[in-house]
Amino acid sequence: MNVQVVLGMLNILLAAIPQMTSSKVVSQTVAWLLQIEPILVQFSEDLGPVISNIVAAFSANPATTATQLAALKVLDAKTDKDFDDAIAAYLANNPAPAASAS
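Residues numbered from 1 in each chain as written. Predicted model: local features only at pLDDT ≥ 70, side-chain atom pairs only at ≥ 80, totals over all residues. Heavy atoms only, no water.

1. Remarks on the overall build of the protein chain
Okay, so step 1: When helices and strands are counted, the protein chain shows 5 helices and 0 strands.
Okay, so step 2: In sequence order, the secondary structure elements of the protein chain are arranged as α-α-α-α-α.
Okay, so step 3: Per-residue burial over the protein chain gives 33% buried out of 102 residues.
Okay, so step 4: With an accessible surface of roughly 6,300 Å², the protein chain has 62% of that area assigned to carbon and sulfur atoms. (Helix = DSSP H or I, 4+ residues; strand = E, 2+ residues; numbered from the N terminus. Buried < 20%, exposed > 50% of the residue type's maximum accessible area, 1.4 Å probe, protein only. Areas by Shrake-Rupley, 256 points an atom, 1.4 Å probe, with all protein chains shown as cover.)

2. Here we look at the nonpolar core
Okay, so step 1: Ranked by size, the top nonpolar core spans 24 residues in total, and within it Leu 10, Ile 17, Leu 33, Leu 40, Leu 47, Ile 54 and Phe 58 carry the most contacts.
Okay, so step 2: Of all the elements in the fold, those that place two or more residues in this core are helix 1 (3-16), helix 2 (23-35), helix 4 (44-60) and helix 5 (66-93).
Okay, so step 3: Sequence-distant contacts of Ile 54, defined by excluding residues within four places in its chain, comprise Leu 10, Leu 13, Leu 14, Ile 17 and Leu 33. (Core = buried A, V, L, I, M, F, W, Y, C linked by side-chain atoms within 4.5 Å. Contact = heavy atoms within 4.5 Å.)

3. Quick word on the environment of Pro 18
Okay, so step 1: Position of Pro 18 among the secondary structure elements: in the loop between helix 1 and helix 2.
Okay, so step 2: The exposure class of Pro 18 is exposed, given its relative accessible area of 56%.
Okay, so step 3: Along the sequence, Pro 18 and Phe 58 sit 40 residues apart, while their C-alpha atoms lie 7.8 Å from each other.

4. Some thoughts on the confidence of the model for the protein chain
Okay, so step 1: When the pLDDT values of the protein chain are averaged, the result is 84; 88% of them are 70 or greater.
Okay, so step 2: The secondary structure element of the protein chain with the lowest average pLDDT is helix 3 (residues 37-42), at 79, and the one with the highest is helix 2, at 91. (pLDDT = per-residue confidence, 0-100.)

5. Quick word on the side chain of Glu 37
Okay, so step 1: When you line up the elements, Glu 37 lands in helix 3.
Okay, so step 2: Residue classification places Glu 37 among the buried positions, given a relative accessible area of 12%.

6. Description of the pattern of salt bridges
Two side chains bearing opposite charge may form a pair once their charged atoms approach each other closely.
Okay, so step 1: Under the counting rule described, the total for this entry stands at 2 salt bridges.
Okay, so step 2: A salt bridge links Glu 37 to Lys 78; its shortest N-O distance comes to 3.7 Å. Placement of the pair is Glu 37 in helix 3 and Lys 78 in helix 5, with a sequence separation of 41 residues.
Okay, so step 3: Across the pair Asp 85 and Lys 81 runs a salt bridge whose closest N-O atoms are separated by 2.5 Å. Here Asp 85 pairs with Lys 81, and both are found in helix 5, just 4 residues apart, close to one helical turn.
Okay, so step 4: Given a relative accessible area of 37%, Asp 85 falls into the partly exposed group. (Salt bridge = Lys/Arg side-chain N within 4 Å of Asp/Glu carboxyl O.)

7. Some words on helix 1
Okay, so step 1: Taking 1.5 Å per residue, 14 residues should reach 20 Å; helix 1 reaches 20 Å between its end C-alpha atoms and fits that length.
Okay, so step 2: Three or more residues of helix 1 are buried, namely Val 3, Val 6, Leu 7, Leu 10, Leu 13 and Leu 14. The arc enclosing the buried residues of helix 1, seen along the axis, measures out at 125°, which places them on a common side. Away from the buried face of helix 1 by more than 90 degrees, exposed residues Gln 4, Ile 12 and Ala 15 are located.
Okay, so step 3: Each element contacted by the buried residues of helix 1 is listed here: helix 2, helix 3 and helix 4. (Expected span 1.5 Å × (residues − 1). Arc of directions from axis to C-beta.)

And the structure:
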């Protein structure tokens, strides 16, 4: 799956969140987000801001329960951490070249 497809799906979701009035629909959506978490991490550099916006939109939606919001915040934090870990691993394995003396 490419990042543009995932980004498109997440932006559609983001636009739909204000119209979600059922806690059941919110639960199903949160469950789906948790299922695709590995994909979100894979593209976290591009998707991180959208995930944060989704969490904020669900926070503002009265149909979102505290438990659902907590799960989304865990997803947001995990995505951020996994991205940071991936950068750290890359930098550890690919040190910057030494500056050449002129």
